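Breakdown of the fold
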Protein chains: 2
Amino acid sequence: MTDIELAFDEHERLPAVAQDADSGEVLMLAYVTPEAVERSRETGFAHYYSRSREELWKKGGSSGHVQSIEEIRVDCDGDALLYLVDQEGGACHTGYESCFYRTLDGETVGERVFDPDEVYE
Amino acid sequence: MTDIELAFDEHERLPAVAQDADSGEVLMLAYVTPEAVERSRETGFAHYYSRSREELWKKGGSSGHVQSIEEIRVDCDGDALLYLVDQEGGACHTGYESCFYRTLDGETVGERVFDPDEVYE
């Protein structure tokens, strides 16, 4: 098998969706660079690129809420990735399991799995 | 309840992930504009913005493979959406149920659900 060629954008980034490999819950969407993809494959833990901090970022590096990668999938155009992961703790810095814990009209539908005050100092 | 304010980027776009509401399968990632979000809510069918064609796009408008929206979720930062949908046919123009039908190392893991030659003329 040959690696699928990825179509990074003009900033050398593309979006990656993290999905819980067991429950199927969509946990978050973040961006990756070629380096983030390579680090994810090498280490088995999800890495992203923080656009605000402008740096490579290991998910859970400070909170301990790491994502072990089971599989990385790529879409038909090669311009988006899907990380199938085992999520330690919760994916969202707000304490919810998923960053998508609200409907567009403001209803909270997600489950809170940790207290951010106890995780982030 | 009040609508969550969305953080569109400098091109007035943000990524939207479509997930099958029943199976949990992640079907595709595309981009939406404020107009695409509004049309999706008004009509109950997923609309996106095609960056290559530079136009509002009703998913399945030509193929019939529409996405009925069950719920729209928004992430913690308001800069990504999750469409929970009932997918008619398959989401991918290649005939696969999901656009994420390959692993990064080139293995086909998705299910083909239609023949694109019979759908697109």
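Residues numbered from 1 in each chain as written. Chains lettered and ligands numbered in written order. Predicted model: local features only at pLDDT ≥ 70, side-chain atom pairs only at ≥ 80, totals over all residues. Heavy atoms only, no water.

As annotated in an unreviewed UniProt entry, chain A is Phosphoribosyl-AMP cyclohydrolase from Halosimplex rubrum. Recorded in UniProt under Catalytic activity (unreviewed entry), the annotation for chain A is "1-(5-phospho-beta-D-ribosyl)-5'-AMP + H2O = 1-(5-phospho-beta-D-ribosyl)-5-[(5-phospho-beta-D-ribosylamino)methylideneamino]imidazole-4-carboxamide". (UniProt positions renumbered as here; feature names shortened; annotations may be inferred.)

Some words on the interface of chain A and chain B
Note on interface size: it is often stated as the accessible area lost on association of the parts. Residue-level contacts link 40 residues of chain A with 40 residues of chain B. Taken as a group, F100, R102 and L104 of chain A account for 23% of the area that chain A buries against chain B, more than any other trio of residues on that side. At the junction of chain A with chain B, the criterion picks out 2 salt bridges. A salt bridge links R51 of chain B to D79 of chain A, with the nearest nitrogen and oxygen atoms 3.5 Å apart. Counting across the interface, chain A meets chain B through 15 residue pairs in polar contact (both at pLDDT 80 or more). Listed by contribution, the elements that provide at least two residues to the side of chain A that touches chain B are strand 1 (14-20), strand 2 (26-32), helix 1 (34-43), strand 5 (67-74), strand 6 (81-87) and strand 7 (102-103) of chain A. It is strand 5 of chain A that provides the largest number of residues to the side of chain A that touches chain B, a total of 4 residues. Of the residues in the side of chain A that touches chain B, the class split is 21 nonpolar, 8 polar and 11 charged. Two strands pair when backbone bridges link them, and strand 5 of chain A and strand 7 (residues 102-103) of chain B are joined in this way by 2 bridges, in the antiparallel orientation. Pairing of R73 of chain A across the sheet is with T103 of chain B, part of strand 7 of chain B. (Contact = heavy atoms within 4.5 Å. Buried area = accessible area lost by both parts, 1.4 Å probe. Salt bridge = Lys/Arg side-chain N within 4 Å of Asp/Glu carboxyl O. Polar contact = N/O pair within 3.5 Å; in protein donor to acceptor, adjacent residues only side chain to side chain. Helix = DSSP H or I, 4+ residues; strand = E, 2+ residues; numbered from the N terminus. Nonpolar A, V, L, I, M, F, W, Y, C, P; charged D, E, K, R; others polar. Pairing = 2+ DSSP bridges.)

Some points on the pairing of strand 5 (residues 67-74) of chain B
Residue and element names in this part refer to chain B. One ladder, built from 7 bridges, connects strand 5 with strand 6 (residues 81-87); its direction is antiparallel. Looking at the pairing, S68 lines up with D86 of strand 6. Taken together, strand 5 and the strand that follows it, strand 6, pair antiparallel across an intervening segment of 6 residues, in which G78 is found at a positive phi of about 70°.

Digging into the UniProt feature "binding site: Zn(2+)" (unreviewed entry) in chain A
The sites that carry the UniProt feature "binding site: Zn(2+)" (unreviewed entry) are, in the present numbering, C76, C92 and C99 of chain A. What stands out for the annotated residues spanning 24 residues is how far apart their C-alpha atoms range, the widest pair being 27.8 Å apart. Tracing the sequence through the fold places C76 of chain A in the loop between strand 5 and strand 6. In contact with C76 of chain A, not counting residues within four places along its chain, are C92, H93, T94, C99, Y101 and R102 of chain B. Given the relative accessible area of 0%, C92 of chain A is considered buried. (Buried < 20%, exposed > 50% of the residue type's maximum accessible area, 1.4 Å probe, protein only.)

Describing the relation of the copies chain A and chain B
Think of it as a corkscrew move, a rotation about one axis and a shift along it, taking one chain copy to the other. Superposing chain A onto chain B takes a rotation of 180° plus a shift of 0.0 Å along the axis, which leaves an RMSD of 0.0 Å. This pairing of chains is accounted for by a two-fold axis. It is G24 of chain A whose C-alpha, among those of chain A, lies nearest the rotation axis, at 2.7 Å. Most of the interface of chain A is mirrored in chain B, where 100% of its interface residues again form contacts. (Least-squares fit on C-alpha atoms with pLDDT ≥ 70 in both.)

Examining the pairing of strand 1 of chain A
Residues and elements named next belong to chain A. Here strand 1 lies mainly inside the structure; 7 of its 7 residues are buried. In strand 1, alternate side chains face the same way, and those of L14, A16, A18 and D20 on one face and P15, V17 and Q19 on the other are all buried. Pairing geometry for strand 1 and strand 2, over 6 bridges, is antiparallel. Within strand 2, the position partnered with P15 by the bridge is Y31. Hairpin connection between strand 1 and strand 2: a loop of 5 residues separates the two successive antiparallel strands, and G24 in this loop has a positive phi of roughly 80°. Alignment of strand 1 against strand 6, held across 5 bridges, turns out to be parallel. From the neighbouring strand, Q19 faces strand 6, where its bridge partner is L84.

Observations concerning a negative patch on the surface
Side chains of D9, E10 and E12 of chain A together with D9, E10 and E12 of chain B sit close together on the surface and give a patch of like negative charge. Looking at the secondary structure, you find E12 of chain A in the segment before strand 1. (Patch = residues over 30% accessible without salt bridge, like charges linked within 9 Å, V, L, I, M, F, W, Y side chains within 5 Å. Areas by Shrake-Rupley, 256 points an atom, 1.4 Å probe, with all protein chains shown as cover. Lys, Arg positive; Asp, Glu negative; His and termini not counted. Charge placed at Lys NZ, Arg CZ, Asp CG, Glu CD.)

Observations regarding the packing of aromatic side chains
The relative placement of two aromatic rings is captured by the distance of their centres and the angle of their planes. Residue and element names in this part refer to chain A. Considering all chains together, one arrives at 6 aromatic pairs over all chains under this definition. Geometrically, the ring pair formed by Y96 and Y101 is stacked, given 4.0 Å between the ring centres and 0° between the ring planes. Neither residue differs from the other here; Y96 and Y101 are each classed as buried. Through successive ring pairs, a cluster of aromatic residues spans Y48, W57 and Y83. (Phe/Tyr/Trp six-rings, centres within 6.5 Å; stacked < 30°, edge-to-face > 60°.)

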